[in-house]
Amino acid sequence: MRILLARIAALYGRNGGMEQVEARMANAMIQRGHEVGILSYDTREGKPYYPVDASVQMLNLNSFIGSSRDLLDLLIFKCIREAVRPLSKRKALYWRNKGRYSYFREGVRKVLKQFAPDVIISFDAESSAVFFGTCPNMRIPLITMFHFSVDEAVNWEDAQEIEALKKSDCVQVLLKDDLAKLKKRLPQVQVVCVPNVVPQYPVMADLGKEKNTYTIVDVARLTRNQKRPHILIEAFSRLAVKYPEWRVQFWGSEPDGKTVYTRELQKLIETKGLENQVTLCGNTSDVLSKYVNADIIVLPSAYEGFGLALAEGMSAGLPGVGFRNCMGVNEIIEDGRTGYLVGEGDEELAGGLSKLMENQNLRVTMGKAAHEAMKQYAPEKIWNTWEKILSLAVEGKKIVI
């Protein structure tokens, strides 16, 4: 099969979970004998942050757009959008989309002609809407992926995104709860639940080892509203004096090179007097070494599509801690067996952490259970399922897994 992985957004240099999933999927499908292209929309030169097989065709939509007429249409529709915005948000979205589709139309059609995919995997509803908006008579099967919960993955005020879901041959969600939610919202849409791949690491953290210091690790982008590392800092500040041998490491950075929130986090660390115990470490290309040298993994997110870094840490044998009301976390951690799910807030988070920090035997037991639990997301299982979905879509058959 010729498979086009598409997201009409910037890719180069970005190190988020979605970009990691895209790279892993491209590499896996190449290894299975398929031809793969990755479509992005990058206005700057660069390359993907995560390694991509050399035989994957990188297609930058920006390179296929050349008409001054397209740009003129974009500006015209933008003016109309701004004029109607005070009157109707829905109408403003409509004209915003009209402008985008007009601007991208020639480029999308050139890409499809050049790569000639048998099937398209669109990485969000907005990108799916671009395909159907620019090529209304498109006959190529298209599968829309969700990387966030149903509530977060779709702009439910955008009629074009909703229509794109209805036109998709299939919509893939990551969680069982999302499967039920989307079927309730759009009963006519074909929906399947396929979780992310979690690497099955050949080494595990040695949680039974006596050490001078023990480490809590948080691997995520530094974002205030979603990943919320400040809550972990606040929680640890309640425990730092009681557990002087414990450290917290944050691995990740703010998106797009920003540093405002990073500076706020550093100031919070200093205000709490935690400079010797809490570190903002930045990005890493060797995340496995961070897991196997840690003792607990925490993901204090407000929402997740699938807590990939959390699952990876658990695969490396770490017990996990996260919030009970966070989708994408509460289906990964089995409370009381592979870690702890706690109520919202830093006090509750501190309570869950302290149970593990004070009991090494418990960490060992839960870490082993976490490692075993992550086997359900083994690459072979997930990629086999995806191959089945793609084959059924290309054959025009009903997608049932």
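Right, let's walk through the structure included here. (Residues numbered from 1 in each chain as written. Predicted model: local features only at pLDDT ≥ 70, side-chain atom pairs only at ≥ 80, totals over all residues. Heavy atoms only, no water.)

**A short note on the sheet that holds strand β8 (residues 214–219)**
Heads up, the rule is: In this scheme, strands are said to pair when DSSP sees at least two bridges between them. The secondary structure listing takes helices from DSSP runs of H or I that are at least 4 residues long and strands from runs of E that are at least 2 residues long, numbered from the N terminus. Note on geometry: axes are C-alpha line fits, over the in-contact stretch for helices, and angles between N-to-C directions span 0 to 180 degrees. Any two residues whose heavy atoms approach within 4.5 Å are treated as being in contact.
Strand order in the open sheet formed by six strands is β10-β9-β8-β11-β12-β13, with parallel pairing between adjacent strands. Each edge of the open sheet carries a strand with a single partner, namely β10 (278–282) and β13 (339–342). Shown here is a sheet whose adjacent strand axes are inclined to one another by a mean of 20 degrees, direction ignored. Both β8 and strand β11 (residues 296–299) contribute to a ladder of two bridges, which runs parallel. Across the sheet, residue isoleucine 216 finds its bridge partner in β11, namely isoleucine 296. Its contacts with the sheet put helix α11 (residues 308–315) on β8, β11 and β12 (320–323), and the angle it makes with β11 is roughly 170 degrees.

**Some remarks on the packing of aromatic side chains**
As a reminder of what qualifies: Pairs were defined over the aromatic rings of Phe, Tyr and Trp, the Trp ring being its six-membered one, requiring ring centres within 6.5 Å. Orientation was assigned from the angle between planes: stacked under 30 degrees, edge-to-face over 60, tilted for the rest. Only protein chains enter the accessibility calculation, which uses a 1.4 Å probe. A residue is then buried if its area is under 20% of the maximum for its type, exposed if over 50%, and partly exposed in between. We count a charge as sitting over a ring when the NZ of a lysine or the CZ of an arginine lies within 6 Å of the ring centre and within 35 degrees of the ring normal.
All chains considered together, the criterion is met by seven aromatic pairs. On the numbers, 5.1 Å between centres and 80 degrees between planes, the contact of tyrosine 41 with phenylalanine 104 is edge-to-face. Taken as a pair, tyrosine 41 in the loop between β2 (35–40) and β3 (57–60) and phenylalanine 104 in helix α3 (residues 89–115) lie far apart in primary sequence, 63 residues in all. The class of tyrosine 41 is buried, set by a relative accessible area of 18%. Within the aromatic cluster, the residues linked to one another by ring pairs are Tyr41, Tyr103 and Phe104. Lying over the aromatic face of tyrosine 340, lysine 355 brings its terminal NZ or CZ to 4.8 Å of the ring centre. Over the aromatic face of tyrosine 214 sits the side chain of arginine 363, whose NZ or CZ is 5.3 Å from the ring centroid.

**Things to note about helix α1 (residues 17–31)**
This is how it is decided: Working rule for helices: expected span equals 1.5 Å times residues minus one.
Counted at 1.5 Å a residue, the expected span for α1 with its 15 residues is 21 Å, and the 21 Å between its end C-alpha atoms agrees. Of all 15 residues in α1, twelve are buried, a share of seventy percent or more. The inward-facing, buried residues of α1 abut β1 (2–6), β2, β4 (119–122), β5 (142–145), α11 and α14 (379–395). Immediately downstream of α1, the backbone of glycine 33 shows phi near 95 degrees, a positive value.

**Considering the packing of helix α8 (residues 229–237) against helix α12 (residues 346–357)**
The condition is simple: Rotating anticlockwise by less than a right angle from the far helix to the near helix defines a left-handed crossing, while the corresponding clockwise rotation defines a right-handed one. Note that Gly is not counted as nonpolar here; it falls among the polar residues with everything else outside the nonpolar set of Ala, Val, Leu, Ile, Met, Phe, Trp, Tyr, Cys and Pro and the charged set of Asp, Glu, Lys and Arg.
The contact between α8 and α12 brings their axes to 8 Å, and the two run at 60 degrees. By crossing handedness, the relation of α8 to α12 is classed as right-handed. Two secondary-structure elements touch here, α8 through Ile231, Leu232, Glu234, Ala235 and Phe236 and α12 through Asp346, Leu349, Ala350, Leu353 and Met357. When grouped by side-chain class, the residues that make up the contact of α8 with α12 number eight nonpolar, no polar and two charged.

**Some points on the sheet that holds β1**
The parallel open sheet is built from seven strands, whose spatial order is β3-β2-β1-β4-β5-β6-β7. Sheet topology places β3 and β7 (191–193) at the edges, where each strand pairs with a single neighbour. Adjacent strand axes in the sheet meet at a mean angle of 20 degrees when their direction is disregarded. One ladder, built from three bridges, connects strand β6 (residues 170–173) with β7; its direction is parallel. By the bridge assignment for β7, valine 173 is matched with cysteine 193. The sheet strands contacting helix α4 (residues 125–134) are β1, β2, β4 and β5, and the helix crosses β5 at an angle near 155 degrees.

**Re the side chain of arginine 2**
The condition is simple: The term polar contact refers here to a pair of N or O atoms within 3.5 Å; inside protein, the definition further demands a hydrogen-donor-capable atom paired with an acceptor-capable atom, and it admits residues adjacent in sequence only when both atoms are side-chain atoms.
Its place among the elements puts arginine 2 in strand β1. Within polar-contact distance, the side chain of arginine 2 engages the backbone oxygen of phenylalanine 115 at 2.5 Å. Ignoring any residue separated from it by four or fewer positions in sequence, one finds arginine 2 in contact with Glu35, Gln57, Phe115, Ala116, Pro117, Asp118 and Val119.

**Some remarks on the environment of arginine 324**
Structurally, arginine 324 is set in the loop between β12 and β13. Residues arginine 324 and tyrosine 340, spaced 16 residues apart in sequence, show a C-alpha to C-alpha distance of 8.5 Å. What arginine 324 contacts, discounting residues up to four positions off in sequence, is Asn330, Asp335, Leu341, Val342 and Gly343. Within the structure, the side chain of arginine 324 is placed 2.7 Å from the backbone oxygen of leucine 341, a separation counted as a polar contact.

**Notes on the pattern of salt bridges**
Pairing between side chains becomes possible if they bear opposite charge and their charged atoms approach one another. Here is the rule: A pairing counts as a salt bridge when a side-chain nitrogen of Lys or Arg comes within 4 Å of a carboxyl oxygen of Asp or Glu.
Scanning all chains against the criterion turns up 20 salt bridges. As a salt-bridge pair, arginine 100 and glutamate 126 come within 3.4 Å of each other at their nearest N and O atoms. Placement of arginine 100 in helix α3 and of glutamate 126 in helix α4 is noted, with a sequence separation of 26 residues between them. Its relative accessible area of 27% is what places glutamate 126 among the partly exposed residues. Glutamate 106 is paired through a salt bridge with lysine 110; the nearest N and O atoms lie 2.8 Å apart. Here glutamate 106 and its partner lysine 110 are both found in helix α3, four residues apart, which amounts to about one turn of the helix. By relative accessible area, glutamate 106 is classed as partly exposed at 29%. Looking at lysine 110, the relative accessible area reads 38%, which means it is partly exposed. One salt-bridge network, in which partners are shared between bridges, spans Arg7, Glu19 and Asp124.

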